[in-house]
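Tertiary structure, described
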Amino acid sequence: MLNTSWIELDQTALNKNIRYLKKRIGDATFLSVIKGNAYGHGIEQYIPLAEKAGLHNFAVYDAFEASRVLQVKAADTQLVIMGMLDDDQMDWAVENDVAFFVFTPHRLEAAISSARKLKKKAQIHLELETGMHRTGLEENELPDVIANIKKNSRYISVNGVCTHLAGAESISNYVRVKTQSQVFEKLKKLLKSKGIVPAHYHSACSAAALIYPDTIMNMVRFGIAQYGFWPSMETKMHNLLSEESKFTRDPLKTVLSWKTRIMSIKSVEKGNFINYGVSYLCVKPMRLATIPVGYHHGYSKSLGSSGHVLIHGKRAEVVGSINMNMFLVDISHIPSAQCGDEVVLIGKQGELSITVASFAELTKVINYELLSRLPQQIPRIVI
Ligand SMILES: *Cc1c(COP(=O)(O)O)cnc(C)c1O
């Protein structure tokens, strides 16, 4: 391996998460959201892992991510693009049986013309505006959209009707989420009365599925939870405390660990500044280890003098700033530590663990951002 750090993916942890989440949604279909390079886990490594865990439906953001899935997926695995699909990528999507969300009348038009040209049905999910005001077909656009679908039923297969809820992970959005669900029910009925009855209705992301069971319908778009993270502390507490889903141990296990090795070690006398500038003064003699990972590799600059890593099962504090490619940790209390020893940036070592959540609280970057920004070039290894 030529990289300075690596990411390990734990098949056992993933199997447990999938089993738990499937139990929570009953017969509904599990649509695994793998945008953002599978939340940093790596699309190419994650797909086979997830297929082994029993998942066969995936959702990506764009055509590029979809093309990467096509390279590695099993033949019967289904794929949907939730976001960007340019007109000039439409033929490619239809040709490759990649389904996609339709949230503008224009995209429906583009789908029909590609399907007509290729003599092949376009697989679509109608995304409805229910109150997030980001993407989604407006109610007043539906009559024309319905008419267009009916007229071109030879070219269009409506696999799903869906919407996205604007922040189910926080109680502050309760009224908004509830109102969205009501609007969705109304529009579902409207479509049904016009003969548009898809195989799947879906509105829930992780937080919605785990807090509002009514949003589960017969498909759930699980993102963050499958990787072993609660969407928010609130979601975790709600589930920890609620009667029906009481648990004593966290049922979600972190799938990803991020590891590296000590690059060099040096001792510094009391009274010296370390690293750039005058931000960190040694007030005692210190033994420092250099860690060959920096903000270039996704280790946030804001962890300077505040983050921790694990070495020999002990916590070692980041001292001084995070540089582009390295940082220093205090190993004065770990005398046996040597060059080349394993360092855990995220994950477990011995009894201790560094969770992305604790990491994230420090950086004020939520799980989602930190994970999805882990650089693609860090190798992902399945364990
Ligand atoms: C990202 C995303 C999800 C998954 O959200 P999680 O909170 O990670 O479960 C679901 N639906 C859409 C449209 C998304 O963009």
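Quick look at the structure, then. Bear in mind the structure is a predicted one, so any value in this text is a computation, not a measurement.

Cut-offs and rules
Residues numbered from 1 in each chain as written. Predicted model: local features only at pLDDT ≥ 70, side-chain atom pairs only at ≥ 80, totals over all residues. Heavy atoms only, no water. Helix = DSSP H or I, 4+ residues; strand = E, 2+ residues; numbered from the N terminus. Buried < 20%, exposed > 50% of the residue type's maximum accessible area, 1.4 Å probe, protein only. Contact = heavy atoms within 4.5 Å. Near = heavy atom within 4 Å. Polar contact = N/O pair within 3.5 Å; in protein donor to acceptor, adjacent residues only side chain to side chain. Areas by Shrake-Rupley, 256 points an atom, 1.4 Å probe, with all protein chains shown as cover. Nonpolar A, V, L, I, M, F, W, Y, C, P; charged D, E, K, R; others polar. Core = buried A, V, L, I, M, F, W, Y, C linked by side-chain atoms within 4.5 Å. Domains from an automatic or database assignment. Axes fitted to C-alpha atoms, helices over the stretch in contact; angles between N-to-C directions. Parallel < 35°, antiparallel > 145°, perpendicular 65-115°, else oblique. Pairing = 2+ DSSP bridges. Patch = residues over 30% accessible without salt bridge, like charges linked within 9 Å, V, L, I, M, F, W, Y side chains within 5 Å. Salt bridge = Lys/Arg side-chain N within 4 Å of Asp/Glu carboxyl O. Lys, Arg positive; Asp, Glu negative; His and termini not counted. Charge placed at Lys NZ, Arg CZ, Asp CG, Glu CD. Expected span 1.5 Å × (residues − 1). Phe/Tyr/Trp six-rings, centres within 6.5 Å; stacked < 30°, edge-to-face > 60°. Lys NZ or Arg CZ within 6 Å of the ring centre and 35° of its normal.

Remarks on the overall build of the protein
Across its full length, the protein holds twelve helices and 18 strands. The C-alpha extent of the protein, read off along each of the three principal axes, is 80 × 50 × 35 Å. Looking at the protein residue by residue over its 383 residues, the buried ones come to 52%. Partitioning the intrachain contacts of the protein with sequence separation of at least 6 by distance along the chain shows that 65% fall at a separation of at least 24.

Comments concerning the site of the ligand
Every residue close to the ligand is listed here: Val33, Lys35, Tyr39, Met82, His164, Cys205, Ser206, Arg221, Gly223, Ile224 and Tyr368. At a separation of 2.8 Å, an oxygen atom of the ligand approaches a polar backbone atom of Ile224. Coverage of the ligand by the protein amounts to 90% of the 380 Å² it exposes when considered alone. Per-class residue counts for the shell around the ligand are six nonpolar, three polar and two charged.

A short note on the nonpolar core
Counting 114 residues, the largest nonpolar core has Phe100, Ile124, Leu126, Tyr299, Ile311, Phe327 and Val329 as its most contacted members. Ranked by residue count, the leading element in this core is helix 1 (residues 11–25), at six residues. Counting only domains with at least three residues in this core, you end up with domain 1 (11–241) and domain 2 (256–354). Ile274, Cys282, Leu288 and Val319 belong to the second-largest nonpolar core, a separate cluster that totals eight residues.

Considerations on the packing of helix 6 (residues 105–118) against helix 7 (residues 142–151)
In contact at an axis separation of 10 Å, helix 6 and helix 7 are set at 10° when each is read in the N-to-C sense. Considering the angle they form, helix 6 stands roughly parallel to helix 7. In this structure, helix 6 uses Pro105, Leu108, Glu109 and Ile112 to contact helix 7, whose residues at the interface are Val145, Asn148 and Ile149. Across the contact of helix 6 with helix 7, the residue classes break down as five nonpolar, one polar and one charged.

Comments concerning unusual backbone geometry
In the Ramachandran plot, Asn37 falls in the positive-phi region, its phi being about 55° despite a non-glycine side chain. Within the secondary structure, Asn37 sits in helix 2 (residues 35–39). Positive phi, close to 50°, is recorded for Tyr39, a residue that is not glycine. Along the polypeptide, Tyr39 turns up in helix 2.

Comments concerning the sheet that holds strand 8 (residues 200–204)
The eight strands lie next to each other as 2-3-4-5-6-7-8-9, forming a closed barrel whose pairing is parallel. Strand-to-strand, the axes of this sheet are offset by a mean angle of 30°, without reference to chain direction. As paired strands, strand 6 (residues 122–127) and strand 7 (residues 156–162) are joined by six bridges and run parallel to one another. For His125, the partnering residue across the bridge sits in strand 7 and is Gly160.

Some details on a positive patch on the surface
Among the surface-exposed residues, Lys16, Arg19, Lys23, Arg249 and Lys348 lie close enough to one another that they form a single positively charged patch. With three residues, helix 1 is the largest single contributor of residues to the positive patch. In this fold, Lys16 is placed in helix 1. Lys16 gets classed as partly exposed once you look at its relative accessible area, which sits at 40%.

A few points about a nonpolar patch on the surface
Taken together, the side chains of Phe273, Val278, Leu281 and Val283 define a hydrophobic patch exposed on the protein surface, amounting to about 400 Å² of accessible area. Structurally, Val283 can be placed in the loop between strand 11 (264–268) and strand 12 (286–291). The exposure class of Val283 is exposed, given its relative accessible area of 63%.

So, helix 6
Its 14 residues place the ends of helix 6 20 Å apart at the C-alpha level, agreeing with the 20 Å of an ideal helix rising 1.5 Å per residue. Of the residues making up helix 6, those classed as buried are Arg107, Leu108, Ala110, Ala111, Ile112, Ser114 and Ala115. Buried residues belonging to helix 6 abut helix 5 (90–95), strand 5 (99–102), strand 6, helix 7 and strand 7. Positive phi shows up at Lys119, right after helix 6, with a value of about 55°.

Focus: the packing of aromatic side chains
Applying the stated rule across the entire model yields seven aromatic pairs. Ring centres 5.0 Å apart and planes at 45° place the aromatic pair Tyr46 and Tyr227 in the tilted group. With Tyr46 in helix 3 (residues 43–52) and Tyr227 in the loop between strand 9 (219–222) and helix 10 (233–241), this pair connects stretches of sequence that are 181 residues apart. The exposure class assigned to Tyr227 is buried, which follows from its relative accessible area of 0%. One aromatic cluster is present, formed by Tyr39, Tyr46, Tyr227 and Tyr368 through successive ring pairs. The side chain of Lys188 reaches across the aromatic face of Tyr201, ending 4.7 Å from its centre.

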